[in-house]
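# Inside the fold
In case you want the letters, here they are:
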Amino acid sequence: MSMQVGDAVSRLSHGELLAIARTKLLEVLQHHAVAAGVRLEFGQRRGVGDVDADLIIAADGVGSVTRTELADQFRPQITTGKGLYLWCGTDFALPSAIFTPVTTEHGTFVAHAYPYAPDRSTFLIETDETTWRNAGFDVTTENVGPLDSDTQSLKYLQDAFAATLGGHPLIGNRTRWLKFRTVTCERWHAGNVVLLGDAAHTAHYSIGSGTKLAMEDAIALDRGVREASSLEEALTAYETARRPGVEYLQSIAARSELWWESFPGRIDMPVDQLMVAYMTRAGKVSLERFAQSAPDVARRGLADYGDVRPDEVPDSEVGEWVLRRPLRRNGFTAPTRVADGSLRSDAGTAVVEVHVDSAWGAAADELIDGIPTASMVWLTGPPQRDAVLTRLDVGERLRQAGHIVVVEAPDACQSDLSAGLVSLRTDLVHIVDGAVIGGALDDVHAATV
Ligand SMILES: Cc1cc2nc3c(=O)[nH]c(=O)nc-3n(C[C@H](O)[C@H](O)[C@H](O)COP(=O)(O)OP(=O)(O)OC[C@H]3O[C@@H](n4cnc5c(N)ncnc54)[C@H](O)[C@@H]3O)c2cc1C
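Residues numbered from 1 in each chain as written. Predicted model: local features only at pLDDT ≥ 70, side-chain atom pairs only at ≥ 80, totals over all residues. Heavy atoms only, no water.

## Regarding the pattern of salt bridges
- Counted by the stated rule, this structure contains 26 salt bridges.
- Residue Glu-216 is joined to Lys-212 by a salt bridge in which the shortest nitrogen-to-oxygen separation is 3.2 Å. You can see Glu-216 and its partner Lys-212 sitting in helix H8 (residues 210-227), 4 residues apart, about one turn around the helix.
- In this structure Glu-216 comes out as partly exposed when scored by relative accessible area, which is 29%.
- Between Arg-242 and Asp-217 there is a salt bridge; the shortest N-O distance is 2.6 Å. (Salt bridge = Lys/Arg side-chain N within 4 Å of Asp/Glu carboxyl O. Helix = DSSP H or I, 4+ residues; strand = E, 2+ residues; numbered from the N terminus. Buried < 20%, exposed > 50% of the residue type's maximum accessible area, 1.4 Å probe, protein only.)

Pasting the structure below:
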């Protein structure tokens, strides 16, 4: 997997990229369904009222009509992302998965592209709403028919990403600009109807886990039905088994979505350092774990951060090393990245309690607008890990606005603070005694990015 900004490339060479075409996956699933005695019917839309069955499994996707019809029981919440994405393909296999931004006269577009067959790759291209309007894509989106592709956008993006495409075309399949919808439901079952997959929950595509979640749901539902003595018990067991894992991945996905929506602000980072920022963006992969799994990239990224040669970066205990680096920024210097408590009471320091859920929403905008143009901002707030990660994200926005930022957190979050420093989410950290509450780094889940 690689990150490419202009001519600079950061490449992770370990591990195999595994992928399967949707059509192939459906073929495999249909083959097993038929072998198990399922009668498949295609091309017909069904509602709950049309089906007479002991159990109705509504796996009818993100726009689930079943979820809408029974909304008073499932109590769904749907939030729409700020960015726009367009999903298409090309007719050759890229050598590896690649993330690459391109800035045109209208703004920045970022491609997430990966091979999935010997002659096919997916291209998923995203942008912000201003760029989308600047390029006239609000008009092309409005004019494209429901069964057509937005050929004007595809042509524009084909030219913009010509270097990555190497002369190959972008191919649409009812391709149009969309906004990602995150679905959560208070309940996943009501009577003999149960939601499964995207109908019940979605997770932003940048963590590539939606299909995995849907398939894991199916496995858990099957187990619930086999092991329980009543339908209600089976459906309750299914929901109890699946909720923690789904909600965990949804929280990672939400952070990842916001990271990509704010990506253009990081485009000037050295590319290996950007790769570290990407890998640690959602708090799922720790700096230490990344340094173990991709030592060369991590070493170069850390060297960029510490302004040293790569061979001066240690092989182990990188988190500690990160904290010991000196700071020189905007005329401000400090011997290490651990802020002295006395800075907090300096006249030029704004101490800000952060209680927002996200660093990029309206509440965060208000918080940031209210901060005086002080040279230093000291961010404090609740000890929960989630709150610390959000403080670091707020810190990144403030750094980009030119402030020197200190983030305060319990010592149990030291690993997040080190990752935050390398990823330019803060300049300094202040570590206080105390336990972190909730959501410690989970290395079991950390295998999937
Ligand atoms: C841009 C993008 C990229 C993604 N990339 C990845 C990835 O790399 N890896 C990954 O794991 N996930 C990825 N996902 C997520 C993944 O696509 C979904 O999570 C997954 O398809 C969900 O499966 P599902 O069966 O729940 O729903 P769907 O795949 O949406 O299937 C629902 C089906 O129900 C049918 N249907 C709907 N209503 C009715 C009705 N009334 N009667 C009969 N049939 C009906 C639909 O036609 C459809 O065939 C991506 C998502 C997006 C948006």
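## Focus: the side chain of Arg-67
- With respect to the helices, strands and loops of the structure, Arg-67 is situated in helix H2 (residues 65-69).
- Asp-60 is the oppositely charged side chain nearest to the buried, salt-bridge-free Arg-67, at an N-O distance of 6.6 Å.
- Among all residues touching Arg-67, those that are not within four sequence positions of it are Gly-61, Val-62, Phe-74, Pro-76, Ile-78, Val-183, Cys-185, Leu-195, Asp-198 and Ala-199. (Lys, Arg positive; Asp, Glu negative; His and termini not counted. Contact = heavy atoms within 4.5 Å.)

## A word on the domain arrangement of the chain
- Once the domains are mapped, the chain shows domain 1 (2-17 + 82-165), domain 2 (45-81 + 180-260) and domain 3 (271-447).
- The distance between the C-alpha centroids of domain 2 and domain 3 comes to 35 Å.
- Taken residue by residue, the interface counts 10 residues in domain 2 and 15 residues in domain 3.
- Across the domain 2 to domain 3 interface the summed buried area is about 1200 Å²; carbon plus sulfur atoms make up 61%.
- Of all residues in domain 2, Tyr-248, Arg-255 and Trp-259 bury the most surface against domain 3, accounting for 60% of the area lost on that side.
- For the pair domain 2 and domain 3, the number of links is 2 salt bridges.
- At the boundary of domain 2 and domain 3, one finds 4 residue pairs in polar contact (both at pLDDT 80 or more).
- Looking at side-chain class alone, the side of domain 2 that touches domain 3 contains 7 nonpolar, 2 polar and 1 charged residues. (Domains from an automatic or database assignment. Buried area = accessible area lost by both parts, 1.4 Å probe. Polar contact = N/O pair within 3.5 Å; in protein donor to acceptor, adjacent residues only side chain to side chain. Nonpolar A, V, L, I, M, F, W, Y, C, P; charged D, E, K, R; others polar.)

## What to know about the sheet that holds strand E7 (residues 107-117)
- If you walk across this open sheet you meet the 6 strands as E2-E1-E6-E7-E8-E5, and the pairing is mixed. Bordering the open sheet on either side are strand E2 (8-11) and strand E5 (84-90), each of which pairs with just one other strand. Strand-to-strand twist in this sheet, taken as the mean axis angle between neighbours without regard to direction, amounts to 20°.
- Bridge analysis of strand E1 (residues 2-5) against E2 gives 4 bridges, and the strand direction is antiparallel. In the sheet register, Met-3 faces E2, and the bridge partner there is Ser-10. (Pairing = 2+ DSSP bridges. Axes fitted to C-alpha atoms, helices over the stretch in contact; angles between N-to-C directions.)

## A look at the site of the ligand
- The local shell around the ligand holds 20 residues, among which Arg-22, Arg-46, Asp-198, Gly-210 and Thr-211 are the closest.
- At a separation of 3.1 Å, a nitrogen atom of the ligand approaches a polar side-chain atom of Arg-45.
- One of the backbone N or O atoms of Gly-208 is found 3.5 Å from an oxygen atom in the ligand.
- If the ligand stood free it would expose 1000 Å²; the protein chains cover 68% of that surface. (Near = heavy atom within 4 Å. Areas by Shrake-Rupley, 256 points an atom, 1.4 Å probe, with all protein chains shown as cover.)

## Re H8
- The terminal C-alpha atoms of H8, which comprises 18 residues, lie 26 Å apart, in line with the 26 Å expected from a rise of 1.5 Å per residue.
- The set of residues buried in H8 consists of Leu-213, Asp-217, Ala-220, Leu-221 and Gly-224. Along the axis of H8, the buried residues cluster in a sector spanning 105°; they form a single face.
- The elements touched by buried residues of H8 are strand E3 (56-58), strand E11 (193-195) and helix H9 (231-261). (Expected span 1.5 Å × (residues − 1). Arc of directions from axis to C-beta.)

## Some points on the sheet that holds strand E10 (residues 189-190)
- The strand order across the open sheet formed by 3 strands is E3-E11-E10, and the pairing between neighbours is mixed. Only two strands of the sheet have a single partner each, and these edge strands are E3 and E10.
- Strand direction decides the pairing type here: E3 and E11, joined by 3 bridges, are parallel. Directly across from Ile-57, in E11, lies its bridge partner Val-194.

## Things to note about the environment of Phe-137
- Residue placement: Phe-137 occurs in helix H5 (residues 137-143).
- Owing to a relative accessible area of 2%, Phe-137 belongs among the buried residues under this scheme.
- Sequence separation between Phe-137 and Phe-290 is 153 residues, and the spatial gap between their C-alpha atoms is 38 Å.
- Not counting residues within four places of it along the chain, the set of residues in contact with Phe-137 comprises Phe-109, Trp-132, Ser-153, Tyr-156 and Trp-177.

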